[in-house]
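Given next are the chains, with one letter for each unit.
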Amino acid sequence: QVQLVESGGGLVQTGGSLRLSCAASGGTFSSYAMAWFRQAPGKEREFVVAISRSGGVTVPADSVKGRFTISRDNVKNTVYLQMNNLKPDDTAVYYCGATTSTIWVRVEGIDYWGQGTQVTVSS
């Protein structure tokens, strides 16, 4: 059993920045690839970015490439999402996910989810 708790969401203006955190407990953090997904009202949960177990490989969605950066601290058992140059289309609930699989970019590959944190980007 792995528990994930996101934090750091909030309201920012277009072009602003925000840093999300996901704290993990239970299990062995370094055994999991980690990913961020997001879900806007009425839409499916979509992949944002993922990071390998050691942090050596990152995979961003095209929509956030160059703007969002994922990182992890395997001592603190925490994964981060640095979001820069935010746009209104980034508005969503952001979810942290953990997986032991090789499927990082689809919801069906995620084993554990956090509760989500709201990010709202205003014009």
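Above this note sits the structure.
Residues numbered from 1 in each chain as written. Predicted model: local features only at pLDDT ≥ 70, side-chain atom pairs only at ≥ 80, totals over all residues. Heavy atoms only, no water.

Draft legend 1. Molecular detail of the nonpolar core. One finds M34, W36, V79, M83 and Y94 to be the most contacted residues of the largest nonpolar core, which totals 35 residues. Where this core is concerned, the elements lending two or more residues are strand 3 (18–25), strand 4 (33–39), strand 5 (46–51), strand 7 (68–73), strand 8 (78–83), strand 9 (92–99) and strand 11 (117–122). Setting aside residues up to four positions removed in sequence, M34 forms contacts with L4, C22, F29, V49, A50, I51, I70, R72, V79, C96, G97 and A98. (Core = buried A, V, L, I, M, F, W, Y, C linked by side-chain atoms within 4.5 Å. Buried < 20%, exposed > 50% of the residue type's maximum accessible area, 1.4 Å probe, protein only. Helix = DSSP H or I, 4+ residues; strand = E, 2+ residues; numbered from the N terminus. Contact = heavy atoms within 4.5 Å.)

Draft legend 2. Representation of the state of the cysteines within the structure. Scanning the entire structure with this criterion turns up one disulfide. Here C22 pairs with C96 through a disulfide, and the sulfurs are 2.1 Å apart. Across the disulfide from C22 to C96, rotation about the S-S bond amounts to roughly -80 degrees, and the bridge is consequently left-handed. Linking C22 in strand 3 with C96 in strand 9, this pair joins segments that are 74 residues apart in sequence. You'll find C22 and C96 in the same group, each marked buried. (Disulfide = S-S within 2.5 Å.)

Draft legend 3. Fine view of the pairing of strand 8. The buried fraction of strand 8 is high, at five of six residues. Relative to strand 8, strand 3 runs antiparallel, the two being bridged by six bridges. By the bridge assignment, L18 is partnered in strand 8 with M83. The pairing of strand 7 with strand 8 spans six bridges and is classified as antiparallel. By the bridge assignment, F68 is partnered in strand 8 with M83. Between strand 7 and the antiparallel strand that follows it, strand 8, lie four residues; N77 among them carries a positive phi value of about 55 degrees. (Pairing = 2+ DSSP bridges.)

Draft legend 4. The packing of aromatic side chains, seen in detail. Scanning all chains against the criterion turns up four aromatic pairs. Summarising the aromatic geometry, the rings of F37 and F47 are spaced 5.6 Å apart at their centres and angled 75 degrees between planes, so their arrangement reads as edge-to-face. Here F37 is found in strand 4, whereas its partner F47 is found in strand 5, with ten residues between them in sequence. Residue F37 is classed as buried on the basis of its relative accessible area of 1%. By relative accessible area, which is 13% here, F47 ends up buried. (Phe/Tyr/Trp six-rings, centres within 6.5 Å; stacked < 30°, edge-to-face > 60°.)

Draft legend 5. Layout of the pattern of salt bridges. In the structure shown here, the tally under the stated rule is five salt bridges. The partner of D90 in a salt bridge is R38, with the nearest N and O atoms 2.8 Å apart. Remark: R38 occurs in strand 4 and D90 occurs in the loop between strand 8 and strand 9; sequence separation between them is 52 residues. We note a salt bridge from D62 to K65, for which the minimum N-O separation is 3.5 Å. K65 carries the same exposure label as D62, and that label is exposed. Look at the salt bridges and you will find they share partners, linking R38, E46, R67 and D90 into a network. (Salt bridge = Lys/Arg side-chain N within 4 Å of Asp/Glu carboxyl O.)

Any functional reading would require information that these geometric values do not contain.
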